Amino acid sequence: MADTQQVDEGTDAKKAARAERRAARLAKQIGAFSKKHGGAEGQVAYLGERGARIVLVGEDGGWGDLVAPSYEIAERAVAKSGITVHEEFDGEFAAKVRTGPYEWTRMAGIQVGGPSNT
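Quick notes on the rules
Residues numbered from 1 in each chain as written. Predicted model: local features only at pLDDT ≥ 70, side-chain atom pairs only at ≥ 80, totals over all residues. Heavy atoms only, no water. Helix = DSSP H or I, 4+ residues; strand = E, 2+ residues; numbered from the N terminus. Buried < 20%, exposed > 50% of the residue type's maximum accessible area, 1.4 Å probe, protein only. Contact = heavy atoms within 4.5 Å. Areas by Shrake-Rupley, 256 points an atom, 1.4 Å probe, with all protein chains shown as cover. Pairing = 2+ DSSP bridges. Axes fitted to C-alpha atoms, helices over the stretch in contact; angles between N-to-C directions. Salt bridge = Lys/Arg side-chain N within 4 Å of Asp/Glu carboxyl O.

Visitor: I would appreciate a short explanation of the overall build of the protein chain in the present structure.
Guide: Counting its regular elements, the protein chain contains four helices and four strands. Listing each helix as α and each strand as β along the protein chain from the N terminus yields α-β-β-β-α-β-α-α. The proportion of buried residues among the 118 residues of the protein chain is 29%. Here the analysis covers contacts within the protein chain between residues at least 6 apart in sequence; of these, 52% occur between residues at least 24 apart. In the structure as shown, the protein chain presents an accessible area of about 8100 Å², 52% of it carried by carbon and sulfur atoms.

Visitor: Before we go on, may I ask you to explain the sheet that holds strand β4 (residues 84–86) in this structure?
Guide: Two modes of strand pairing occur in sheets, parallel and antiparallel, and in both the strands are linked by backbone hydrogen bonds. Read from one edge of the open sheet, four strands run β3-β2-β1-β4, paired in mixed fashion. This sheet does not close on itself; its edge strands, each paired only once, are β3 (63–68) and β4. When the angles between neighbouring strand axes are averaged without regard to direction, this sheet yields 25°. In this structure, strand β2 (residues 52–58) lies alongside β3, joined through six bridges in antiparallel fashion. The residue of β3 that forms the bridge with V57 is W63.

Visitor: Sorry, what's going on with the side chain of H37 here?
Guide: By secondary structure assignment, the location of H37 is in the loop between α1 (2–36) and β1 (40–46). Using a relative accessible area of 15% as the deciding quantity, one classes H37 as buried. For H37, the residues in contact, after removing those within four places along its chain, are G58, E59, D60 and G62.

Visitor: Could you clarify how one ought to interpret the pattern of salt bridges in this entry?
Guide: Oppositely charged side chains can pair when the atoms bearing their charge come close. Tallied over the entire structure, the rule returns four salt bridges. A salt bridge links R76 to E20; the shortest N-O distance between them is 3.2 Å. One end of the pair, R76, is in helix α2 (residues 71–81); the other, E20, is in helix α1, with 56 residues separating them in the sequence. We classify E20 as partly exposed; its relative accessible area is 31%. Salt-bridge contacts for K96 lead to E41; the nearest nitrogen and oxygen are separated by 2.2 Å. Here the residue K96 occupies a position in the loop between α3 (91–95) and α4 (101–112), and E41 occupies one in strand β1, the gap between them amounting to 55 residues. Overall, K96 belongs to the partly exposed group, its relative accessible area being 31%. Three or more residues are tied together by salt bridges with common partners; here these are E20, R76 and K80.

Written out as structure tokens, the structure is:
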């Protein structure tokens, strides 16, 4: 029984280390986005088994997203990056997003049969 316990503890330590590296890598990407866009705010959304989506909105209105393998890793990443995190993507936070011609024609193409930008 002791051998099994040691193997489990080693596996758990490896999983924890891997999760920490992933969180650090995501935090670095969030920091790069923030630097490029004059600061950033974010929101973490649960995606189910796929993990969590980190939506980023820059001070200049630019936006992007990252996917983390779990909600916990996403939360660690945004905490490490130091950005402001919102509970929901609505109101003043959503109003900061600036879309360009690509997004508008893409949305029109999907919604009403407009150009698809392909």
